[in-house]
Protein chains: 2
Amino acid sequence: MAKLDFSPIADTTRRAEIVALLRRAILTGQLEPGQKLNELRISEQMRVSRAPLREAMRELVQEGILTSIPYAGTFVIDVTAKDIDDAYSLNKVLDEFAIERTWKLRDQRFFDELDRRHEAVKQATRALDTTRQIETALQLHGLIYEWADNSVLLETWQRLTSRLQMYFALHQRARNEPVPAEDVHETYVRLLKGADMRAAQRHAREHIDLDFEELLAYARGLEQRTSKG
Amino acid sequence: MAKLDFSPIADTTRRAEIVALLRRAILTGQLEPGQKLNELRISEQMRVSRAPLREAMRELVQEGILTSIPYAGTFVIDVTAKDIDDAYSLNKVLDEFAIERTWKLRDQRFFDELDRRHEAVKQATRALDTTRQIETALQLHGLIYEWADNSVLLETWQRLTSRLQMYFALHQRARNEPVPAEDVHETYVRLLKGADMRAAQRHAREHIDLDFEELLAYARGLEQRTSKG
DNA sequence: TCTTGTAGGATTGTCGACAATCTGCTTGTC
DNA sequence: GACAAGCAGATTGTCGACAATCCTACAAGA
């Protein structure tokens, strides 16, 4: 018999689809931070009952992108400068760890996948699709986590990613200008293919530094504005 | 007016209580790894309907101590040696980071709390209450995370803790012998009070090493047994 | 004997309705 | 006019019942 690996078929519960829909709406900024989610309205729009919707919302609360207050409602989390700073500093540590764990496991498949994801970022950049650009950039960055062969680390990264994606989307949306066209990931990819692990770790740290500095400045500006108003 | 900080009142939804009950049952090992949770049976035992129970289970799935397969059921996660190893290696990194972040923020309240939690461990040890000993030891260890002033880090640690507590409980339960009576945390506490941050980080790393080595050996033994049977 | 098809029961997923709680407005009183 | 009480209206939390799916056992056929 030919050796063939079937991947598990998709979860076909309404709940799973609702989770995907809501997550996407939140991460792309269609649902804004602080906004309340009205169960009845959403369930009618989606043509489902409130039961699977509520279960889906419970999942997203635990995922950290919704917050719930009993008898008051469920809300999209607020983006504070502190949150971004916290996520940022932790990300630095995790990145270093992920690169270390991944380093010995790199193989041709890793390099191919790296190129594939890098290409996806470049394509989104050319298409000026900022939402997709954020998505693909995070996916490129996430490869070292998927390859590190540490399920707990991967979970942690994915939780962080949700928030980061939300922050970046908000940022892009606010400044509303095309993203730099040059390829900022060129060096990152090259170093991950190279032989100097320390250099890769150092660059990863500095690279996310740049992205975050902008984000932080934006978030701080946001808070100043809202505290004035 | 006198300055008085009121803590938020308890969440009085059935869901929240169910979450607490189930979590405790899982972390203390009353619900064993791999075991299936029958919704109807549990809801009847708790005298609640399946709706809040299912929502509670969704939360625990996201928390990482339950796993769900559509139309098949929800199960307590299995404890593999790899999981423990993953959690262990990540914990080392997080510990170092937490100590670094906490270091500058230590004050008298920190030291007092450290002593309080240390005392709680010693008391549980004297009382030969292994479940409580695990709980208090993890709480002692968690102080640096609470003090690090990084909400994302704290969340991550708490997720890890759930699993660790489960693993340790299982371990204790299996070997079923009183825990060492000597105070293994003495040095840890002393170093956290001292002036040498590097030394504290080094010790934290070596300290959890000891605990985990035992745990890993146990888990590997478990897997050998089950793969034979 | 092994495989395949088929009921039957058990369990999970979903629905619509009711109960509990919160919010905002109105009303009455001072 | 200020303030408290109380009354809708809306929203969340919970319930019991139905629909969809899965697992088991058993029978039929190659």
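Note that the structure is a prediction, hence the values are computed from the model and not measured.

Quick notes on the packing of helix α6 (residues 130-147) of chain B against helix α8 (residues 186-193) of chain B
All names here are of chain B. Contact geometry of α6 with α8 gives a least axis separation of 11 Å together with a crossing angle of 20 degrees. With respect to α8, the axis of α6 lies roughly parallel. Pair α6 / α8 crosses with left-handed handedness. Taken together, the residues of α8 that come into contact with α6 (itself represented by L140, H141 and I144) are Y188, V189 and L192. Class assignment of the residues belonging to the contact of α6 with α8 gives a composition of five nonpolar, one polar and no charged.

A few points about the interface of chain B and chain A
Opposite the 32 residues of chain B that make contact, chain A presents 32 residues. Between chain B and chain A, a total of about 3,000 Å² is buried, with carbon and sulfur atoms accounting for 54% of that surface. Three residues, R58(B), Q62(B) and V152(B), lead the burial of chain B against chain A; their summed loss comes to 18% of the area buried on that side. Where chain B touches chain A, the interface holds twelve salt bridges. The interface formed by chain B and chain A contains 16 residue pairs in polar contact (both at pLDDT 80 or more).

Here we look at the environment of Q62(A)
When you line up the elements, Q62(A) lands in helix α3 (residues 50-63). Q62(A) sits 97 residues away from R159(A) along the chain, and the two C-alpha atoms are 9.6 Å apart. Residue contacts for Q62(A): discarding those within four places in its chain leaves R159(A), E59(B), Q62(B) and E63(B).

Re the pairing of strand β2 (residues 66-69) of chain A
For a regular strand, side-chain orientation follows a simple rule: the groups alternate between the two sheet faces. Strand direction decides the pairing type here: β2(A) and strand β3 (residues 73-76) of chain A, joined by four bridges, are antiparallel. By the bridge assignment, I69(A) is partnered in β3(A) with G73(A).

Comments concerning the relation of the copies chain B and chain A
When chain B is fitted to chain A, the residual RMSD is 0.1 Å, and the transformation amounts to a turn of 180 degrees plus an axial shift of 0.1 Å. Interpreted geometrically, this transformation is the action of a two-fold axis. The overlap is high: 100% of the interface residues of chain B also sit at the interface in chain A, so the same surface is used on both sides.

Digging into the protein's contact with DNA strand D
In the region of DNA strand D, 20 residues are neighbours, and N38(A), R50(A), R54(A), R14(B) and S49(B) sit closest. Those atoms of DNA strand D that come within 4 Å of the protein belong to sugar or phosphate at a rate of 76%. In the environment of DNA strand D, a phosphate oxygen lies 3.4 Å from a nitrogen or oxygen atom belonging to the backbone of L37(A). Of all the secondary structure elements, the ones that give two or more residues to the surface near DNA strand D are β1 (36-37) and α3 of chain A together with α1 (14-27) and α3 (50-63) of chain B. In the surface near DNA strand D, the residues fall into eight nonpolar, four polar and eight charged.

Thoughts on the protein's contact with DNA strand C
R14(A), S49(A), N38(B), R50(B) and R54(B) are the nearest of the 20 residues found near DNA strand C. Of all atoms in DNA strand C that approach within 4 Å of the protein, 75% are sugar or phosphate atoms. Those elements that provide at least two residues to the surface near DNA strand C are α1 (14-27) and α3 of chain A together with β1 (36-37) and α3 of chain B. Grouping the amino acids of the surface near DNA strand C by side-chain chemistry returns eight nonpolar, four polar and eight charged.

Here's the deal with the environment of Q30(A)
All names here are of chain A. Residue position: Q30 is located in the loop between α1 and β1. Taking C-alpha positions, Q30 is 9.6 Å from L170, a pair spaced 140 residues apart along the chain. Excluding its chain neighbours within four sequence positions, the residues that come into contact with Q30 are A25, Q35 and R173.

Observations regarding the sheet that holds strand β3 (residues 73-76) of chain B
The three strands lie next to each other as β1-β3-β2 (chain B), forming an open sheet whose pairing is antiparallel. Of all the strands in the sheet, the pair left with one neighbour each is β1 and β2 (66-69) of chain B.

Topic: the packing of aromatic side chains
The description of an aromatic ring pair uses the distance of the two centres, along with the angle that the planes make with each other. Following the criterion strictly, the structure yields six aromatic pairs over all chains and no others. Arranged with centres 4.4 Å apart and planes meeting at 5 degrees, the rings of Y145(A) and W157(A) form a pair that is stacked. Of the two residues, Y145(A) is situated in helix α6 (residues 130-147) and W157(A) in helix α7 (residues 151-175); the sequence distance between them amounts to twelve residues. Residue class for Y145(A) comes out buried when judged on its relative accessible area of 0%. Each ring, one from F110(B) and one from W147(B), has its centre 5.3 Å from the other, and the planes form 65 degrees; the classification is edge-to-face. With a gap of 37 residues between them, F110(B) in helix α5 (residues 108-126) and W147(B) in helix α6 connect regions that are remote in the sequence. Here a set of aromatic residues connected by ring pairs shows up, and it is made of F110(A), F111(A) and W147(A). Directly above the aromatic system of W103(A) lies the positively charged group of R106(A), at a separation of 3.6 Å from the ring centroid.

Some remarks on the side chain of E63(B)
Take E63(B): it is sitting in helix α3. At a separation of 2.8 Å, a polar atom in the side chain of E63(B) contacts the side chain of R23(B). Beyond its immediate stretch of four places on either side in the chain, E63(B) contacts Q62(A), R23(B), R159(B), S162(B) and R163(B).

Cut-offs and rules
- Each residue is numbered by its place in its chain's sequence as written, counting from 1.
- Whichever chain is written first is A, and whichever ligand is written first is 1; the rest continue in order.
- The model is predicted, so local features are restricted to residues of pLDDT at least 70 and side-chain atom pairs to those at 80 or more, both for listing and for counting; the totals for chains, interfaces and linings are taken over all residues.
- With hydrogens and water excluded, all non-hydrogen atoms of the structure serve as input to the side-chain values.
- In this analysis, axes come from line fits to C-alpha atoms, helices being fitted only over the stretch in contact, and the angle between any two N-to-C directions falls in the range 0 to 180 degrees.
- Starting at the N terminus, helices and strands are each numbered in turn, a helix being any DSSP run of H or I of at least four residues and a strand any DSSP run of E of at least two.
- Each angle is binned into one of four classes, with values under 35 degrees roughly parallel, values over 145 roughly antiparallel, values of 65 to 115 roughly perpendicular, and all other values oblique.
- Each crossing gets its hand from how the near helix is turned against the far one by less than a right angle, where anticlockwise is left-handed and clockwise is right-handed.
- Contact definition: two residues touch when any of their heavy atoms are within 4.5 Å.
- Residues are grouped as follows: Ala, Val, Leu, Ile, Met, Phe, Trp, Tyr, Cys and Pro are nonpolar; Asp, Glu, Lys and Arg are charged; every other residue, Gly included, is polar.
- The term buried area means the drop in 1.4 Å probe accessible area that two parts suffer when joined, counted for both and summed.
- Here, a salt bridge means any Lys or Arg side-chain nitrogen found within 4 Å of an Asp or Glu carboxyl oxygen.
- Throughout this description, a polar contact denotes any pair of N or O atoms lying within 3.5 Å of each other; where both atoms belong to protein, one of them has to be capable of donating a hydrogen while the other can accept it, and for residues adjacent in sequence the pair is counted only when both atoms sit in side chains.
- Any two strands between which DSSP finds at least two bridges are classified as paired.
- Least-squares fitting of one copy onto the other uses the C-alpha atoms of those residues that reach a pLDDT of at least 70 in both copies.
- Whether a residue is near a molecule or strand depends on its heavy atoms: it is near if one of them lies within 4 Å of it.
- Aromatic rings from Phe, Tyr and Trp, taking only the six-membered ring of Trp, are treated as a pair when their centres fall within 6.5 Å; an angle between ring planes under 30 degrees marks them as stacked, one over 60 as edge-to-face, and anything in between as tilted.
- Each residue is placed in one exposure class: buried if its accessible area under a 1.4 Å probe, protein chains only, is under 20% of its type's maximum, exposed if it is over 50%, and partly exposed if it falls in between.
- Only lysine NZ and arginine CZ atoms are considered, and such an atom sits over a ring when it is within 6 Å of the ring centre and within 35 degrees of the ring normal.

Just geometry here; none of it tells us what the structure is for.
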